[in-house]
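# Structural characterization, general
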Amino acid sequence: MRRRLRAGAALAAVLVLSLTAPPVAARSRQATDQVVPGLRQPVELIVDEWGVPHIYARNTDDLFLAQGFNAARDRLFQIDLWRRRGLGELSSVFGPAYVEQDKATRMFLYRGDMDREWASYGPGAKQAATRFTEGVNAYVRWLQRNPDSMPPEFRQLGYTPALWRPEDVVRIRSHGISKNVFSEVLRSLIVCAGGIEAAGALWRLEPDHTTTLPKGLDPCSVPVDVLRTYDLATRGVVVQNGALRLAPRDPAASEGSNSWAVSPGRSTTGRPILASDPHRSLTAPALRYMAHLSAPGIDVIGAGEPALPGISIGHNGTVAFGLTIFGTDQEDLYVYQLDPADPGRYRYGDGWEPFTTITEKVPVAGGSPVEVELPFTRHGPVLKIDKQRNLAYALRTTWLEPGTSPYFGSLTYMGARDFKQFAAAMSTWGGPPENQVYADTSGNIGWVPGGLTPRRNGYDGLLPVPGDGRYEWKGFYDGARLPRSYNPPRGLISSANDFDLPANHPIQVGYEWDPPYRKQRIDEVLAASPRSSVEDSIRLQADKVSKPAQRIVRVLAGLTSADPDTQRALTLLRSWDGATGADSPEAALFEPWFSRHLGPAFRRAVLPPAVADSIPVFDVRVLIEALENPDRWFGTGGKAVRDDLLATTLAAAYREVAGRLGADPRLWTWGALQYTEFTSPVGANVGPFPRGGSAYTVDASSNNAATYQQTSGASFKMVLDVGKWDDSRAVNAPGQSGDPRSPHYRDLAERWRSSDYFPLLYSRAQVERHAESTIKLLPQR
């Protein structure tokens, strides 16, 4: 294995390179011209040596067209597949096996008024989408004339890329992160098996809350497969053995994020520092794409969705912004009684209301179009009709409302010049719900959450509810009423998907938040030093100390056992500091024990037996509370029950790991089990690499408990030196390009592994100095 650079040494090396790189005239630099129909004036596209495109236009119309053209140039197969999946058009190229998924996906398209939709994002949004898609189409048409340049995936799968419409980029909603319909269903299964009091074992609610059974709901009426249509609609696709398949979904996987801001008084630079590392699935290419967009009135750089115009994480030369997901509950499952005399109607109020049915034809490659019927209630798409129970189930979600196209709203806030403008933009943010961490060149830092938040009346949204009119949303809260923070006295702001509402805040956005452990570790590290640097934030983004591991190991302090394997496990773990690096023997035992043995055993101990093995998740907060307070959770003699649970599962985990890694625990490493592989839809994977970290470390690594393959984490990471922008650093693994033939497809993977970020260059002089190629995009004459 190659020896990893320490973050400090790596950063110093980058700084030296920045200062000593030869001038542009002395460097090899590719230069090409390309005519792009639709441009009004020439655009210069400079790609730096790390694959980041810097787009310089003379007006914003040309800027967004060039952004779309470049997105297609670098990521065409990725965005074409995103569009086909999101619109329900997979069957048109992959055949009849995908009609069912296409039908499901079409249930979740935005079908509202398009004028309201465009207006929700402010002036210029429709024009930006129009010009962006014109740019994509210009590249697609260029490929039609130059088929030898077609990305290899299209040739491999035997189809060609489609042309786009502006509305495509906002009608697709099924790729956003939202909650909480999955937990509603899990909670109803638990309540059915064990009563309403059993619901507290699923998830720690914040603020402290005990749910009640909605009047009229029979929790046993919610079938296990009620979300099958939802799952089909939101699932990605991969190619296996030359055929398209549904992407695997790990029900226990989580996608969180970290972001923090350090005030000038707490930084070594005397300027703010802003860090952001959103956690998503690890794919090749990455789910985010970095770009620099520059035209009169706009000069923004950072990362965004490759299929959308704009930048969602980055800076505009004055204001910097980084995001995490905010815990707003934006989904409700409704249960309807069907009319016995006419199953095409459902109970609403004192009468019966007919389903609204939309009929569409799904094009199918190699066959005739298939006609599908898409049923809706007044609340939303029908997920299931259970004729045996005479019930129907539908989803109401904010992400079918105007203004909730995931991340498209960043067009509004990316131009903000101060905190007031930024907060105003976030007050109209639709989805996904976000915490935005803020910093600016005047030395200010702040926090602003946003997201369309339902006003529920008489229920908490934690269980499904009858759809007969008793449980309606009373509109939505004004986003300006959500809390915010500006220049807090401690000089630090951090967000890690944790519960961050002030006590007694009048708006209850939701009760289900990520555990606080990443946030606690971030705050612990930042507070430990009176001043921190860009380098310190890079190191913190790579931090692998597990706060849950530290607390659980403390519980082991008094445990003894006559079983030799249990005793060996205790000896290994007792002095461990909770650091889960790839080279850690202790993590090689603890993490399999926690996920494959202790967690499932705890579920069986506290959940109703009928559902314990079918619930795929457990809340680590509940587990830790039970271990630290055994009598409260396990009853009289609870300590003995707990100790037996710990000893039995430790022995089983020790034997399992020894069977895989050998008898000598000194030779075990966590990275010999957990690994990262950036997976491609067509098998052009990058990796595998040994991997440290856990779901609860700042350098987060959720994994599949069966294979230990990392399922989510931060492939894009950014640390901004606010005001001295060229000293900012970033990485986007495995690389910027989506074309496996490109050197930029995988060139950032090793930098990502070793926290050796590259400089996120902003000034034209530094961009020119590190230019790898220049493409002049010219209007058609």
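Refer to the preceding data block for the structure.
These numbers come from a predicted model, not from an experiment.

## Side note on the nonpolar core
Core analysis: the biggest nonpolar cluster contains 136 residues, and Phe 408, Phe 422 and Leu 777 have the highest contact counts within it. A per-element tally of this core places helix 2 (residues 60-87) first, with 13 residues. Those residues within four positions of Leu 777 in sequence are excluded, and the remaining contacts are Gln 34, Val 36, Leu 39, Gln 41, Pro 42, Val 43, Leu 45, Ala 66 and Phe 69. With 40 residues, the next largest nonpolar core counts Tyr 517, Leu 559, Trp 593 and Tyr 654 among its residues.

## Looking at the pattern of salt bridges
Note that side chains of opposite charge can pair when their charged atoms are close. Applying the stated criterion across every chain, the model contains 56 salt bridges. In this structure, Glu 89 engages Arg 83 in a salt bridge whose closest nitrogen and oxygen atoms are separated by 3.2 Å. By relative accessible area, which is 18% here, Glu 89 ends up buried. A relative accessible area of 4% places Arg 83 in the buried class. In this structure, Asp 739 engages Arg 741 in a salt bridge whose closest nitrogen and oxygen atoms are separated by 2.6 Å. Taking the relative accessible area as the measure of exposure, Asp 739 reaches 15% and is therefore buried.

## Some points on the side chain of His 379
In this fold, His 379 is placed in the loop between strand 17 (370-376) and strand 18 (382-386). For His 379, a relative accessible area of 8% corresponds to the buried category. Looking at His 379, its side chain comes within polar contact range of the side chain of Tyr 336, at 2.6 Å.

## Some remarks on the packing of helix 17 (residues 585-606) against helix 21 (residues 638-661)
Close contact between helix 17 and helix 21 brings their axes to 9 Å; oriented N to C, the two are set at 135°. Regarding the angle of helix 17 to helix 21, the classification is oblique. Considering only the axes of helix 17 and helix 21, their crossing is right-handed. Counted together, Ala 588, Leu 589, Pro 592, Trp 593, Arg 596, His 597, Leu 598, Ala 601 and Phe 602 of helix 17 and Leu 645, Leu 646, Thr 649, Leu 650, Ala 652, Ala 653, Tyr 654, Glu 656, Val 657 and Leu 661 of helix 21 form the full contact between these two elements. Residue composition of the contact of helix 17 with helix 21, grouped by class: 15 nonpolar, two polar and two charged.

## A short note on the state of the cysteines
Going through the model one piece at a time under the given rule, you end up with one disulfide. Note on cysteine connectivity: Cys 192 is disulfide-linked to Cys 220, with sulfurs 2.1 Å apart. Every disulfide takes its handedness from the sign of the S-S torsion; for Cys 192 and Cys 220 that torsion is 105°, giving right-handed. With Cys 192 in helix 9 (residues 181-194) and Cys 220 in the loop between helix 9 and helix 10 (228-234), the pair connects residues that are 28 residues apart, well separated along the chain.

## Section: the packing of aromatic side chains
One pass over the full model with this rule turns up 40 aromatic pairs. Here the aromatic residues Phe 321, Tyr 413, Phe 419, Phe 422, Trp 429, Tyr 438 and Tyr 486 are joined through ring pairs into a cluster of three or more. The ring of Tyr 407 carries the charged tip of Arg 288 above its face, separated from the ring centre by 5.3 Å. Taking the ring centre of Tyr 56 as reference, the NZ or CZ of Arg 764 above it sits at 3.9 Å.

## Considering the packing of helix 13 (residues 517-527) against helix 15 (residues 547-555)
At a minimum axis distance of 8 Å, the contact between helix 13 and helix 15 shows a crossing angle of 100°. Judged by the angle between their axes, helix 13 and helix 15 are roughly perpendicular. Counted together, Tyr 517, Gln 520, Arg 521 and Glu 524 of helix 13 and Lys 547, Pro 548 and Arg 551 of helix 15 form the full contact between these two elements. Across the contact of helix 13 with helix 15, the residue classes tally to two nonpolar, one polar and four charged.

## Overview of the pairing of strand 34 (residues 771-778)
Taken together, the six bridges between strand 1 (residues 30-35) and strand 34 define a ladder with parallel strand orientation. Across the sheet, Gln 30 pairs through a bridge with Ser 773, a residue of strand 34. With six bridges joining them, strand 2 (residues 43-48) and strand 34 adopt antiparallel strand pairing. Considered in strand 34, the bridge of Ile 46 is made with Thr 774.

What counts and how
Residues numbered from 1 in each chain as written. Predicted model: local features only at pLDDT ≥ 70, side-chain atom pairs only at ≥ 80, totals over all residues. Heavy atoms only, no water. Core = buried A, V, L, I, M, F, W, Y, C linked by side-chain atoms within 4.5 Å. Buried < 20%, exposed > 50% of the residue type's maximum accessible area, 1.4 Å probe, protein only. Helix = DSSP H or I, 4+ residues; strand = E, 2+ residues; numbered from the N terminus. Contact = heavy atoms within 4.5 Å. Salt bridge = Lys/Arg side-chain N within 4 Å of Asp/Glu carboxyl O. Polar contact = N/O pair within 3.5 Å; in protein donor to acceptor, adjacent residues only side chain to side chain. Axes fitted to C-alpha atoms, helices over the stretch in contact; angles between N-to-C directions. Parallel < 35°, antiparallel > 145°, perpendicular 65-115°, else oblique. Left-handed = near helix turned anticlockwise from the far one by under 90°. Nonpolar A, V, L, I, M, F, W, Y, C, P; charged D, E, K, R; others polar. Disulfide = S-S within 2.5 Å. Phe/Tyr/Trp six-rings, centres within 6.5 Å; stacked < 30°, edge-to-face > 60°. Lys NZ or Arg CZ within 6 Å of the ring centre and 35° of its normal. Pairing = 2+ DSSP bridges.

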